[in-house]
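Structural characterization, general
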Amino acid sequence: MMEEEPGHRERISGADLAGQVDALRARVERLHKELDLLKASHRRWVHPVESALWQRGLPLIAHGDHSQVFLPANAPEEHVETFYALMRRYSFRLFLRDLIHTPRADGVDHLTRYCAPRTVRRYLNILAELNMVRISRRGAYELLSPRVASFGPTLEWYVWQLFQREFLAPALFNVRLNRTRHGGDYDVIALVNHRLVYVEVKSSPPRGVEMPAVRSFLNRLQDLQPHVAIFLVDTELRMKDKIVSLFVEALGSKGDPQASWPVERLVRELFHIRHGIYLINSRKGIYSNIRTCLRDFFRCRLPAALGRDK
């Protein structure tokens, strides 16, 4: 057997190493090019809702301002999940509304208007675990970030999250548009099955909703021209007594015959106007009620669409 020449293995290893270095260098260069393409593609990407608004001649000025949302914008994902689950509960939303109104106190008596003391303490303990509230041993509490002035933006955030999580629909919240005649912010705009859906969110009970808010909502519909519009009042109280009456009056004052814009009951305390504008409360759940409205809209539009194709 021939003996291997001394240093031959080292020379082969050196040659192989040089080849591997060249291959790695080529691969790195290729990855850099692919990364540049991805960055360029991302810069060209436009949110589907923003794209739909642009196509309607309504450029987006701003959206998604978290500064008045109770949950910090940089909250860890597990905190977002926990807070979203809490927001599904009507009792928590009532509790949070009172908590925002009184960001610090020596006791919790004023937080028990709608929740039992045991429930209030449980909610406070959860928020303390999320680093949103500090609780003292003697029962006093203090919000760690008392910047939030009202519950409204947090409710908008929840509805925005709901469209993305439950309906798998792209959505934006706290939207400001350019080139509108009536101005104003749009609480939540989503795309569901390629249809533009606008939700006006009212965090106060029906007694806190007055005619100017209804007229502003109807004016925004003229600018936006959505396929579906939802006027959501976060309450379990009746809609017929106050909200429906306001819309009947507002639609009659526009000069249209009232009979051509009837406000009709869909189910329970959910009402519709021509199966395109919906007035809803949160009894049975916000998600459930919005789903009922969307199913009604698509069910009523489908026969007409099929008829045009014939």
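Residues numbered from 1 in each chain as written. Predicted model: local features only at pLDDT ≥ 70, side-chain atom pairs only at ≥ 80, totals over all residues. Heavy atoms only, no water.

It is worth spelling out the overall build of the protein chain at this point. The helix and strand inventory of the protein chain stands at 9 helices and 11 strands. Within the protein chain, the proportion of its 310 residues that are buried is 41%. Of the roughly 17600 Å² of accessible surface on the protein chain, 52% is carried by carbon and sulfur atoms. (Helix = DSSP H or I, 4+ residues; strand = E, 2+ residues; numbered from the N terminus. Buried < 20%, exposed > 50% of the residue type's maximum accessible area, 1.4 Å probe, protein only. Areas by Shrake-Rupley, 256 points an atom, 1.4 Å probe, with all protein chains shown as cover.)

Once that is clear, we can look at the confidence of the model for the protein chain. With 87% of its residues at a pLDDT of at least 70, the protein chain reaches an overall mean of 86. Within the model, pLDDT remains below 50 along residues 304-310, and this stretch shows 0 contacts once partners closer than five positions in the same chain are excluded. (pLDDT = per-residue confidence, 0-100. Contact = heavy atoms within 4.5 Å.)

This part covers the sheet that holds strand β11 (residues 277-280). Backbone hydrogen bonds hold the strands of a sheet together, and the pairing may be parallel or antiparallel. Spatially, 8 strands are ordered β1-β5-β6-β7-β8-β11-β10-β9 in an open sheet, and the strand pairing comes out mixed. Unpaired on one side and paired on the other, β1 (60-62) and β9 (264-267) mark the two borders of the sheet. Strand after strand, the sheet turns through a mean of 40° between neighbouring axes, direction not considered. Summarising the sheet, strand β6 (residues 185-192) and strand β7 (residues 195-202) pair through 5 bridges and their orientation is antiparallel. In the strand pairing of β7, Ile189 is matched with Tyr198. Here helix α6 (residues 152-166) sits on the sheet and contacts β5 (171-177), β6, β7 and β8 (228-233); the angle it forms with β5, its principal contact strand, is near 130°. Running over the sheet, helix α8 (residues 240-252) touches β8, β9, β10 (270-273) and β11 and is turned about 5° from β10. (Pairing = 2+ DSSP bridges. Axes fitted to C-alpha atoms, helices over the stretch in contact; angles between N-to-C directions.)

Turning next to the pairing of β8. Working note: regular strand, side chains alternate between the two faces of the sheet. Most of β8 is tucked away: 6 of the 6 residues are buried. Going residue by residue along β8, you find Val228, Ile230 and Leu232 tucked away on one face and Ala229, Phe231 and Val233 tucked away on the opposite face as well. Handedness of the crossover joining β7 and β8 through helix α7 (residues 211-224) is recorded here as right-handed. Alignment of β8 against β11, held across 4 bridges, turns out to be parallel. Following the sheet pairing, Ala229 is matched in β11 by Ile277. (Right-handed = clockwise from strand over helix to strand, strands pointing away.)

A few words now on the nonpolar core. The biggest cluster of nonpolar side chains holds 57 residues, and the ones touching the most others in it are Phe95, Leu99 and Phe163. The element best represented in this core is α6, accounting for 7 residues. Residues within four places of Leu99 in sequence aside, it is in contact with Phe70, Leu111, Leu124, Leu127, Val133, Tyr141 and Leu143. Formed by 35 residues, the second largest nonpolar core is a distinct cluster that contains Leu177, Ile189, Leu196 and Phe217. (Core = buried A, V, L, I, M, F, W, Y, C linked by side-chain atoms within 4.5 Å.)

The subject of this paragraph is the sheet that holds strand β2 (residues 104-105). Spatially, the 3 strands line up as an open sheet ordered β2-β4-β3, and their pairing is antiparallel. Single-partner strands in this sheet number two, and they are β2 and β3 (133-135). Both β2 and strand β4 (residues 141-143) contribute to a ladder of 2 bridges, which runs antiparallel. By the bridge assignment, Arg104 is partnered in β4 with Glu142. Where helix α5 (residues 117-129) meets the sheet, its contacts fall on β3 and β4, and the angle it forms with β3 comes to roughly 115°.

Side chains of β11 alternate between two faces, with Ile277 and Leu279 and Tyr278 and Ile280 buried alike. In the sheet, β10 pairs with β11 via 3 bridges, with the strands oriented antiparallel. Of the residues in β11, the one forming a bridge with Ile273 is Ile277.

This part is about a positive patch on the surface. A cluster of basic residues, Arg89, Arg118, Arg121 and Arg122, forms a positive patch at the surface. Within the fold, Arg118 resides in helix α5. (Patch = residues over 30% accessible without salt bridge, like charges linked within 9 Å, V, L, I, M, F, W, Y side chains within 5 Å. Salt bridge = Lys/Arg side-chain N within 4 Å of Asp/Glu carboxyl O. Lys, Arg positive; Asp, Glu negative; His and termini not counted. Charge placed at Lys NZ, Arg CZ, Asp CG, Glu CD.)

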